[in-house]
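# Observations on the model geometry
Here is what each chain is made of, one letter per residue.
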Amino acid sequence: MESMEDFKDEIDRSFRQISEGDIVTGTVIGVDESEVLLDIKYFTQGVIKAEDFSDDPKFSIRTDVKVGDEVSATVVKTDDGNGNILLSKKEATKVLAWDKLKAMMDSNQNVTVTVIEAVKGGVVAFLEGIRGFIPASKLSLNYVEEADLDDFVNKKLEVRVITADETNKKLVMSAKEILKEKADEERAAKVSNVQVGLVTEGTVESLQDYGAFINLGNGLSGLVHISQISNQRIAHPSAVLKVGDKVKVKVTAIKDGKLSLSMKALQDVAATEITEEKIEFESEGEATTSLADLLKKAGF
């Protein structure tokens, strides 16, 4: 039960001085098409007109505001003509949002936003009521063409704040870092199922001065150093390989999630019959029986 002290505190709060420009926090007690009513623990209610709630063009007072929500807003007038305190959440957002955005940036917090439009060089999304920009280069792990930006409109993206400049009103977000971390985790899980000595087949995906990158399928690839391509000394991998070639390789080392491969090692044991296997994974990322038994089948 509430004590007399509790009632005294409520009465004291209800008669506190509220001035224009103050930021008050209240609980939503009513919502209609034109306004939101707040209980601000004062002798009268706070009112936020629909047009003073958010700058987000996707904002809907009916679907985005619910009774019981806690809202902070700036006092615009101490009397709206009906005895209520006229408030603006948009004005409070301008003051409070940047502190939140800076905290998100400092903590590398992941947040979900909805893209509302495509603009030159990227897309736009609102976060904490502030209009933010996501550059095309930060939307995906792959290059995004200007013509493809419209494909992101209305999509939800998990992003991080990378710039929160209140002075210049500049909010920039990125999805790329999160996508890269997830891709690295998936690759690490797949690599963890591969063992040194594994013999398999892959496709040459690129040639460099120092060796050839081999696509092993299932999102895995590895490097065959130029010294491990052939028993004969070659000046460049293109002397014996071309992109698209199917080759047999042996995993010779795994370090920092990278696979070192060798074709030469198989030439050295050419007299020994080698059972060729594909690298396969279950949908959860676990190795199949064929992978688990691979070394036994290969005689290693």
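Below, the structure is looked at part by part. (Residues numbered from 1 in each chain as written. Predicted model: local features only at pLDDT ≥ 70, side-chain atom pairs only at ≥ 80, totals over all residues. Heavy atoms only, no water.)

### Brief notes about the pairing of strand β9 (residues 156–165)
The two faces of a sheet get side chains in turn, since along a regular strand they alternate between them. The sheet contact formed by strand β6 (residues 111–119) and β9 spans 4 bridges and is antiparallel. Counterpart to Val113 in the pairing with β9 is Leu157. Pairing of β9 with strand β10 (residues 170–174) involves 5 bridges; the strand directions are antiparallel. Bridge assignment links Ala164 to a residue of β10, and that residue is Leu171. (Pairing = 2+ DSSP bridges. Helix = DSSP H or I, 4+ residues; strand = E, 2+ residues; numbered from the N terminus.)

### A short note on helix α3 (residues 89–107)
Across its 19 residues, α3 extends 25 Å between first and last C-alpha, which sits within 8% of the 27 Å expected from 1.5 Å per residue. Considering bend angle alone, the principal kink of α3 is centred on Leu96 and spans about 40°. Of the residues making up α3, those classed as buried are Ala92, Thr93, Ala97, Trp98, Leu101 and Met104. Near the N-terminus of α3, the side chain that reaches the backbone nitrogen of Lys90, with its oxygen 3.4 Å away, is that of Ser88. (Expected span 1.5 Å × (residues − 1). Bend = angle between axes of the 7 residues up to and from the residue. Buried < 20%, exposed > 50% of the residue type's maximum accessible area, 1.4 Å probe, protein only. Polar contact = N/O pair within 3.5 Å; in protein donor to acceptor, adjacent residues only side chain to side chain.)

### Section: the sheet that holds strand β4 (residues 70–77)
The mixed closed barrel is built from 5 strands, whose spatial order is β1-β2-β3-β5-β4. Recorded for the sheet is a direction-independent mean angle of 55° between the axes of neighbouring strands. Packing against the sheet, α3 makes contact with β1 (23–31), β3 (46–49), β4 and β5 (85–88), and its axis sits at approximately 110° to β4. (Axes fitted to C-alpha atoms, helices over the stretch in contact; angles between N-to-C directions. Contact = heavy atoms within 4.5 Å.)

### Re the layout of surface pockets
In this structure, the largest pocket encloses a volume near 820 Å³. Around the largest pocket, the lining is made up of 29 residues, and of these Phe53, Ser54, Lys89, Glu128 and Gly129 lie nearest the centre. Residue contributions to the lining of the largest pocket peak at 8 residues, all from α3. Of the residues contributing to the lining of the largest pocket, the split by class is 13 nonpolar, 6 polar and 10 charged. When its volume is computed, the second largest pocket comes out at roughly 260 Å³. Along the walls of the second largest pocket sit 15 residues, with Arg187, Ser221, Gly257, Lys258 and Leu259 positioned nearest its centre. Sorting the residues of the lining of the second largest pocket by element identifies α4 (176–191), β13 (220–225) and β15 (258–262) as the ones contributing at least two each. Broken down by element, the residue count for the lining of the second largest pocket peaks at 5 residues, all from β13. Of the residues assigned to the lining of the second largest pocket, the class counts are 6 nonpolar, 5 polar and 4 charged. (1 Å grid on protein atoms, 1.4 Å probe; cavity = no way out; pocket = protein on both sides within 12 Å on 5 of 7 lines; lining within 4 Å. Points joined across faces, edges and corners; volume = space filled by probe spheres on them. Nonpolar A, V, L, I, M, F, W, Y, C, P; charged D, E, K, R; others polar.)

### Some thoughts on a negative patch on the surface
Taken together, Glu145, Glu146, Asp148, Asp150 and Asp151 make up a surface patch of like negative charges. Note that Glu145 resides in the loop between β8 (130–135) and β9. (Patch = residues over 30% accessible without salt bridge, like charges linked within 9 Å, V, L, I, M, F, W, Y side chains within 5 Å. Areas by Shrake-Rupley, 256 points an atom, 1.4 Å probe, with all protein chains shown as cover. Salt bridge = Lys/Arg side-chain N within 4 Å of Asp/Glu carboxyl O. Lys, Arg positive; Asp, Glu negative; His and termini not counted. Charge placed at Lys NZ, Arg CZ, Asp CG, Glu CD.)

### Re the environment of Val47
Along the chain, Val47 falls in strand β3. Through-space distance from the C-alpha of Val47 to that of Asp79 is 9.9 Å; in sequence the pair is 32 residues apart. When near neighbours in sequence (up to four residues on either side) are disregarded, Val47 contacts Glu35, Val36, Leu37, Asp80, Asn84, Ile85, Leu86 and Leu87.

### Regarding the environment of Ser88
Within the secondary structure, Ser88 is located in strand β5. Take Ser88: its relative accessible area is 3%, and that puts it in the buried class. Here the alpha-carbon distance between Ser88 and Ala73, two residues 15 residues apart in the chain, equals 5.2 Å. With near-sequence residues (within four places) excluded, Ser88 lies in contact with Ile48, Asp52, Ala73, Thr74 and Val76. A polar atom in the side chain of Ser88 sits 3.4 Å from the backbone nitrogen of Lys90. There is a polar contact of 3.1 Å between the side chain of Ser88 and the backbone nitrogen of Glu91.

### Things to note about the pattern of salt bridges
A complete count under the given rule lists 13 salt bridges for this structure. Residue Lys102 pairs with Glu166 through a salt bridge whose shortest N-O separation is 3.4 Å. One end of the pair, Lys102, is in helix α3; the other, Glu166, is in the loop between β9 and β10, with 64 residues separating them in the sequence. We note a salt bridge from Lys182 to Glu158, for which the minimum N-O separation is 2.9 Å. In this pair, Lys182 is assigned in helix α4 and Glu158 in strand β9, connecting sequence segments 24 residues apart. A relative accessible area of 31% means that Glu158 is categorised as partly exposed.

### What to know about the sheet that holds strand β14 (residues 246–255)
Reading around the barrel, the 5 strands line up as β11-β12-β13-β15-β14 and close back on themselves, with mixed pairing between neighbours. For this sheet, the mean angle separating the axes of adjacent strands, direction not counted, is 50°. The sheet contact formed by strand β11 (residues 199–208) and β14 spans 5 bridges and is antiparallel. Looking across to β14, one finds that Gly202 is bridged to Val247. Relative to β13, α4 is tilted by about 70°, and along the sheet it contacts β13, β14 and β15.

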